[in-house]
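# Remarks on the overall topology
Residues per chain, in single letters:
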Amino acid sequence: MQTGECGLNAAVVELAGVGKRYGATAVVRNVDLCCGKGEVVGLVGHNGAGKSTLFKMMLGIVAADEGELRLFGEPVRGRGFRDVRRAIGYLPESIALYDNLSGLETLQFFARLKFADPAGCAALLDRVGLGHAMRRAVREYSKGMRQRLGFAQALLGAPRLLLLDEPTNGLDPQAIHAFYDVLDELKRGGTTVILSSHLLAEIQSRVDWLAIMASGRLVARGAVTSLTATADLPALAWLLPRDDAQARVFEALSAAGFVPLREDDGSLRFAVAPARRIALLRTLAWLADALIDYTLTEPTLEDVFLRHQRAGALPEQRA
Amino acid sequence: MSAGRGYDWQWRLVAAIAAKEWRDRLRNRWVLAVALVFAAFALLIAYFGGAQSGTIGLRSTAATVASLTSLAIYLVPLIALLLGFDAVVGERERGVLDLLISLPIRRAELLVGKYLGLAAALALATLVGFGTALVPLAHAMDGAAMVLYLRFVGSALLLGLAFLSMAVLVSTLAHDRARATGAAIALWFGFVLVFDLSLLGILVASAGRYASSWAPYALLCNPADVFRVINVFGADALRSAFGLGTLLPQGWNAPATLYGAMAAWIVAPLGLALWRFR
C-alpha cells in the first residue's frame, strides 16, 4: 500500500474521485486521498491549486460535484456528520475573528458551538501562548496573535482530526516552532492532521508525508524522501581547487563524466544526478590533496515541488 | 457518535449565537445609541409636536402618537435594516462563516440564533428608548392614552422585527457587503417612500374608481403601512381627519388582520432566508 492510498484499515479521511467546478472552471479534479490515524499530512500547492476548496469539501462547507468523501467513515453532508464535526478542528485560511470580544470570550463562544467545556478555554489559550492576552479585545491583537487564537479555536473539544489551512501564516519563527510542538503532541495522542502550506522548507521535516496539488489535481504524494527520489533532481556541487591544481581537477572531473563550469574565482560548479553521487565521492577522494573546499547542495523541496507540479500540469497542456 | 441524531434542533447552539450577537450590540453601544435616538425623538415630538399650530407643551396622546408614527415609519425600518444587513454576508466576508458552518451547528440554527440575538437588541433599544419617554409623559395620560402609547411602542417593535427579517434575507442573498447595503437601502426606499407614492398615484389616476375594494388590502402588503394603520386608523379621533373612513371596506383593519399581516412580514422573509441558506 502506498502512502495516501486507502488500505484495509479504517481511514480517518477517505476521498475518492472528488471534483468541484465553479462554472466552467474545474478547481478540484479527481482527487483520491486517504489519511490514517495519527498521520500528519502536508498539502502543498501554488495559490489556486485547490487546497482550500478541498478542505471546504471535506467539511461539507462546499458540496463536491463528484466523488465520495468520508470522514471517520461517515459521508460528508450526510445525516450523521453533525456528530463527526465535534471531532474536527478547522482553521480557515484567512479569518477575522470578532474584534469586540476578548480572546477568552471568542474561544468560549466557539466552545459552546462545539459542545466543548468553556472552562477549558483559559488553559487552551495558555497552550498557544496567548494566556497573557486572553482578556484583551481581539481588536488589539497582532496578526500572529489572531492566528494563534484561530489555532486555539481549532483545538477546542480535543479533535481527532485537524484541518489547518496555512496555519503558520503571520507567525514569527518562535511561534511556528511552538505550533509544531503542539502538533507533535497531538500526533502522539493519535490526532490526524492535514495542513496546507506553501512554505515547503518549513513543513518538510514536520510532516509524515506530502500531497502535492497543481491545477486542482493531486500530482504526487509520499514521504519527503520518496518524493525527492521520484523527482530525480540533481544536486549541485561546488569545488574550490588549489591554484596549482586547477587544470588537474577540471580534467579529472571531465574524465569522470561531469560537466564543470569554471567561475571567475577559480571554483567549479556542476550538477550531480542522483545516480552519480557515489561516482563523485570516488573522484573527490582521489582529488582530496588538490582541493581547498567543497559543498554539495541537495535539491530543495521547492525544486522537488516545482518538478512535480510541472509534471502534473503536463497532461492538461496536452489536452 | 450515534448516527441519526444529526437533525436534532439544538436550542443551546441557537442561544449561544443569539447571546453573542446581543452582547456585540450592547458592547459597541448600538443599543444605547438607538435607545437615545428613540427617547429624544419621542420627547421632542411630545413637547414640541404642536409648535406648528402655535402651541408648545404636552398635547393629547393621540396627536403625539400620530406624529411619532410618521417619524417611526422612516426611522425604525432604517435602523432595523442597518442592524441586520450584514448578519450573514458580513461573516462571510470576514471568513468566519466557513468556520461556523464547519462546527456542529445547523445553518438554520445559526440563522435563527442571529435573528433572535439582533431582535433582542432591537427590542431592548425600542422598549428602553420609547419607554424612557413615557416617564415624563405618564402623569398626563389616562388609561386609554396609555393603551394608545403602548400599542405604538409594541407595533414599532413589530415593524422593526419585520424589517430585520427582510435585512437578514438580504444578507443571505447578497454576494458581498456592498451589494447588501445597496439592497437594504433599496428596500427602505421601496417600502417607506415609493410604495405609498405609487399607491397614491394609482388612486389618483383612477380617480378612486374600484380603489376602495383593493387599495386597503394593498396597504397590508407593506409592513410600514400596516404599522401606520395600526396606530392612526385605530384612533377614532383621527380617522376622519384623513378623510378615508368612508372609502374603506369593513373589517380590513381588524386587529387580527393587521397583526396577522405584521406577523407574516416577520415570518415570511426569515423563512425565505432559512430556505435560501440551507
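Residues numbered from 1 in each chain as written. Chains lettered and ligands numbered in written order. Predicted model: local features only at pLDDT ≥ 70, side-chain atom pairs only at ≥ 80, totals over all residues. Heavy atoms only, no water.

### Thoughts on helix H2 (residues 30–48) of chain B
Residue and element names in this part refer to chain B.
- Between the first and last C-alpha of H2 there are 27 Å, a value that for 19 residues agrees with the 27 Å anticipated at 1.5 Å per step.
- For H2, the set of buried residues is Trp30, Val31, Val34, Ala35, Phe38, Ala39, Ala42, Ile45 and Ala46. All buried residues of H2 project into a common sector of 155 degrees when viewed along the axis, lining one side. In this structure, H2 carries Leu32 and Leu36 as exposed residues pointing more than 90 degrees from its buried face.
- Along its buried surface, H2 packs onto helix H1 (11–27), helix H3 (61–84), helix H6 (107–137) and helix H7 (143–173). (Helix = DSSP H or I, 4+ residues; strand = E, 2+ residues; numbered from the N terminus. Expected span 1.5 Å × (residues − 1). Buried < 20%, exposed > 50% of the residue type's maximum accessible area, 1.4 Å probe, protein only. Arc of directions from axis to C-beta. Contact = heavy atoms within 4.5 Å.)

### Considerations on the interface of chain A and chain B
- If you look at the interface, chain A gives 32 residues, while chain B gives 32 residues.
- Three residues stand out in chain A for area buried against chain B, namely Arg82, Tyr98 and Leu113 of chain A, and they jointly supply 24% of the buried area on that side.
- At the junction of chain A and chain B, the tally comes to 4 salt bridges.
- A salt bridge links Glu105 of chain A to Arg23 of chain B; the nearest nitrogen and oxygen atoms lie 3.7 Å apart.
- At the surface where chain A touches chain B, the tally comes to 12 residue pairs in polar contact (both at pLDDT 80 or more).
- Among the elements that make up the side of chain A that touches chain B, the one with the highest residue count is helix H3 (residues 103–113) of chain A (5 residues).
- Considering only residue class, the side of chain A that touches chain B consists of 15 nonpolar, 6 polar and 11 charged. (Buried area = accessible area lost by both parts, 1.4 Å probe. Salt bridge = Lys/Arg side-chain N within 4 Å of Asp/Glu carboxyl O. Polar contact = N/O pair within 3.5 Å; in protein donor to acceptor, adjacent residues only side chain to side chain. Nonpolar A, V, L, I, M, F, W, Y, C, P; charged D, E, K, R; others polar.)

### A short note on the UniProt feature "transmembrane region" (unreviewed entry) in chain B
Residues and elements named next belong to chain B.
- Following the UniProt record, the feature "transmembrane region" (unreviewed entry) maps to residues 30–50, 62–85, 115–137, 149–173, 185–207 and 256–275 here.
- For residues 62–85, helix accounts for 96% and strand for 0%, while the C-alpha atoms at its two ends are 33 Å apart.
- Secondary structure content for residues 185–207 is 91% helix and 0% strand, while the C-alpha to C-alpha distance between its ends is 32 Å. (UniProt positions renumbered as here; feature names shortened; annotations may be inferred.)

### Observations regarding the side chain of Glu109 of chain B
- Structurally, Glu109 of chain B can be placed in helix H6.
- Under the relative-accessibility criterion, Glu109 of chain B is labelled buried at 0%.
- Reaching out from Glu109 of chain B, the side chain makes a polar contact with the backbone nitrogen of Arg106 of chain B at a distance of 2.9 Å.
- Among all residues touching Glu109 of chain B, those that are not within four sequence positions of it are Arg82 of chain A together with Asp8, Trp9, Gln10, Leu13 and Val14 of chain B.

### Some remarks on the pairing of strand E11 (residues 235–241) of chain A
All names here are of chain A.
- A large share of E11 lies buried, amounting to 5 of its 7 residues.
- As judged from the 5 bridges shared by E11 and strand E13 (residues 268–272), these two strands associate in the antiparallel manner. Looking at the pairing, Ala237 lines up with Phe270 of E13. (Pairing = 2+ DSSP bridges.)

### Description of unusual backbone geometry
- The residue Arg77 of chain A is not glycine, and still its phi comes out positive at about 70 degrees.
- Along the chain, Arg77 of chain A falls in the loop between strand E5 (74–75) and helix H2 (81–85).
- The backbone of Arg29 of chain B shows a phi angle near 65 degrees, a positive value even though the residue is not glycine.
- Secondary-structure assignment places Arg29 of chain B in the loop between H1 and H2.
- Take Arg29 of chain B: its relative accessible area is 56%, and that puts it in the exposed class.

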